[in-house]
Amino acid sequence: MIKLEDVTKIYPDGTKAVDDVTLEIEKGEFCVLLGPSGCGKTTSLKMINRLISLSQGKIYVDGRDVYQMDVNQLRRSMGYAIQEIGLFPHMTVEQNVTTVPRLLGWSKARCRERTAELLDLVGLSPPETFMRRFPNELSGGQKQRVGVARCLGADPPILLMDEPFGAIDPITRERLQDEFLRIQDEIRKTIAFVTHDIHEAVKMGDTIALMRDGILVQHAPPAEMLAHPKDSFVEDFVGSDRALKALQLMRVRDVMDETPPKVRIDESLETARGRMQELGVNFLAVVNEDERFEGWVNRRVLRRSGEQVKDVMMRYTVTGRRDTPVNEALSLMLGSAIGNLGVVDRRDKLIGVVTFRSLSEAIQASYSEDEDPDEAHAERETAA
Amino acid sequence: MLFETWRYIGNNWAYIGRLTVEHLQIIAVANGSAVFFGVLIGIFVSGRGRERLAQLVMYLASIMITIPSLALYGFLMGILSALGLRSIGFLPVVIALTLYGLLPIIRNTYTAITEVDPAMIEAGRGMGMSELQILWKVKLPLAVPVIMAGLRQAVVMNIGIAAIGAYIGAGGLGQLIFRGIANWRPHLIVTGAIFVSLLSIAADLLLGRVEWLATPKGIRTRGRA
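Residues numbered from 1 in each chain as written. Chains lettered and ligands numbered in written order. Predicted model: local features only at pLDDT ≥ 70, side-chain atom pairs only at ≥ 80, totals over all residues. Heavy atoms only, no water.

### A few points about the overall build of chain B
Just so we agree on the cut-off: In this description a helix means any DSSP run of H or I spanning at least four residues, a strand means any run of E spanning at least two, and both kinds are numbered starting from the N terminus. Only protein chains enter the area calculation, which uses a 1.4 Å probe; residues under 20% of their type maximum are buried, those over 50% are exposed, and those in between are partly exposed. Note that accessible areas follow from Shrake-Rupley with a 1.4 Å probe, and for residues the cover is restricted to the protein chains shown.
Looking only at helices and strands, one finds nine helices and zero strands in chain B. Listing every helix and strand of chain B by position from the N terminus yields α-α-α-α-α-α-α-α-α. For chain B, the spread of C-alpha atoms along the three principal axes comes to 70 × 50 × 25 Å. Across the 225 residues of chain B, 48% fall into the buried class. Of the roughly 11300 Å² of accessible surface on chain B, 69% is carried by carbon and sulfur atoms.

### Remarks on helix α7 (residues 140-151) of chain A
Residue and element names in this part refer to chain A. Our working definition: Expected helix span is computed as 1.5 Å times (number of residues minus one).
Helix length check: α7, at 12 residues, gives a terminal C-alpha distance of 17 Å against a target of 16 Å (1.5 Å per residue), a fit within 8%. Along α7, nine of the 12 residues are buried, which leaves the element largely enclosed by surrounding structure. Taken residue by residue, α7 has G141, Q144, R145, V146, G147, V148, A149, R150 and C151 as its buried positions.

### What to know about the environment of V196 of chain B
One can find V196 of chain B in helix α9 (residues 186-214). The class for V196 of chain B is buried, based on a relative accessible area of 11%.

### A short note on the layout of surface pockets
In this approach the atoms are scanned with a rolling probe the size of a water molecule, which exposes any empty space left behind. Residue and element names in this part refer to chain A. Let me state the cut-off plainly: Grid points spaced at 1 Å and placed over the protein atoms alone form the basis of the search, with a cavity being a set where a 1.4 Å probe fits but cannot get out and a pocket an open set showing protein on both sides within 12 Å along at least five of seven lines. Lining residues have an atom within 4 Å of a point. Grid points are joined across faces, edges and corners, and a volume is the space filled by probe spheres set on the points. Gly falls in the polar group here, along with every residue not listed as nonpolar (Ala, Val, Leu, Ile, Met, Phe, Trp, Tyr, Cys, Pro) or charged (Asp, Glu, Lys, Arg). Where each domain begins and ends follows an automated or database-derived domain assignment.
Of the pockets and cavities examined, the largest pocket occupies roughly 930 Å³. At the level of elements, α8 (170-187), α9 (198-204), α10 (222-227) and α17 (326-335) are the ones that each hand at least two residues to the lining of the largest pocket. In terms of residues, the lining of the largest pocket owes the most to one element, α8, which gives nine residues. By residue class, the composition of the lining of the largest pocket is 10 nonpolar, seven polar and 14 charged. Looking at which domains feed residues into the lining of the largest pocket, each of domain 1 (2-247) and domain 2 (253-362) supplies at least three. The volume enclosed by the second largest pocket comes to roughly 460 Å³.

### Quick word on the interface of chain A and chain B
When the parts of a complex come together, some accessible area is lost, and that lost area is often taken as the interface size. Short version of the rule: Here, two residues are considered to be in contact whenever any of their heavy atoms come within 4.5 Å of each other. Throughout this description, the term salt bridge denotes a Lys or Arg side-chain nitrogen within 4 Å of a carboxyl oxygen of Asp or Glu. We call two N or O atoms a polar contact when they sit within 3.5 Å, provided that within protein one can donate a hydrogen and the other can accept it, with sequence-adjacent residues counted only if both atoms are side-chain atoms.
Facing the 22 residues of chain A at the interface are 20 residues of chain B. The interface formed by chain A and chain B contains one salt bridge. With its nearest N and O atoms 3.3 Å apart, the salt bridge here joins E122 of chain B to K46 of chain A. At the boundary of chain A and chain B, one finds six residue pairs in polar contact (both at pLDDT 80 or more). Residue assignment for the side of chain A that touches chain B shows that the elements contributing at least two residues are α2 (71-76), β6 (78-82) and α4 (99-103) of chain A.

### Remarks on the domain arrangement of chain A
Under the domain assignment, chain A is made up of domain 1 (2-247) and domain 2 (253-362). A straight line from the C-alpha centre of domain 1 of chain A to that of domain 2 of chain A covers 43 Å.

The structure is reproduced here in structure tokens:
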């Protein structure tokens, strides 16, 4: 879909901003251009829509050389969003969002319809109340949303985004990232997304293209980059906590024990102790007659006096779902008294348990799986 | 003398009215052309790579303002007669006032356009606006209030200077003042001064309102002026 071939940018003063970069972004791929400031990631992005001219090499979009296309038509066929957002203050939200559609000569009715659709998509609803507002009547987060809506204006197949969530507070940013991922799930655009934030890159990208001093160091899916940094620079950049970052790529369903040791709430303490002995575990999950998760018992509470499990159990209501990211699960586990996490379905039925042991086993398994040298090598080949 | 002035105004309404209209005509034509040329020049020198030209143009325009109006009139009379055009009256005064009016308009146009947030221009360009569309749809609407402020300044300034135009036969309220000086009739001088001042104040208020109306809604910073 987007292909950079031996692309080099040399400024008149001799600075090599981008040095012989070859990068292919597949159709529907969310590619994050990542790197420290001055690494050439923004320059690379802006060469795609010719905001910056390239010195050597070729850039193809859908197989067509971008320099063979009319520059304004090229740009109108791609969404473009920047960190400063750059909303036009003298235009309403509707006019801003339909900037490209109006350049393309869409009818008024179609523009209005598209605005409503987009504002709804980016969570500015009801659209009617936002359409006629001016940018100075919006909060920072709302402006950012309008910026995203604007870059989707004419429904371009490609989006170029230059730190589009850079200028907002961390909480809003987190929320916008989540929403944008949800949107991307729906619209499946080909995206080139610049950021210097490794967390954002890992969270958002299907692939990460890590750059340094104008050179593309590694282009790989986040999990692979975290597991197999190509060199010490990548390793440093992804951070010594890369194992922790990898956790956010895994889901609870990947690490949970699906046949957790459990006991019913109305069984006797004797039964519970026996089961623990039998299974060689230190805890049991407690469920009620409908298999609903109720809490935990361990050896310590079973020493207390009582008849049934429910007399001594630790009631604990914090649970995870199958698709909870593992980093969140870990944080819940660290905060809980028992150190385990019950996994429930929508009706609160217990479907599994995450323990520290199951977690570390799963992580080790994922590493050794990737360790297959041929496979990893082959993946890097296709990435490069 | 106040009483005489009052009586004179009361007895000569029609005459003063005609002079006021003459005065306004001069101002309208001169500042109209100052806006036309000033905005064009301002846009031109705000183009990429023309910073030095812009400095030069604004330097020349500020020198222009320092030339005493009588000297400029005299100078223009020389040029116009050499060209075979009417060298007294309306034409030289309008040309002089146009030249005086250029500075605030060029300066404000230039400043407003060069200070448009670069992020906005990048966003526009990145979405496929041509340079002309960026100028027309982004830069100019944002510059309008600042250009209007320049026009307002130019008009207020020129209303005063136009009075001197009567000296070379352009008519207007200056005529009262010059007749008052020539014949030593102080109430004529006072009448002329009063009306020139009133005209300035009225123009200032009116153009302030126009400036507000011309400001795109989304960037109005204060309530109704």
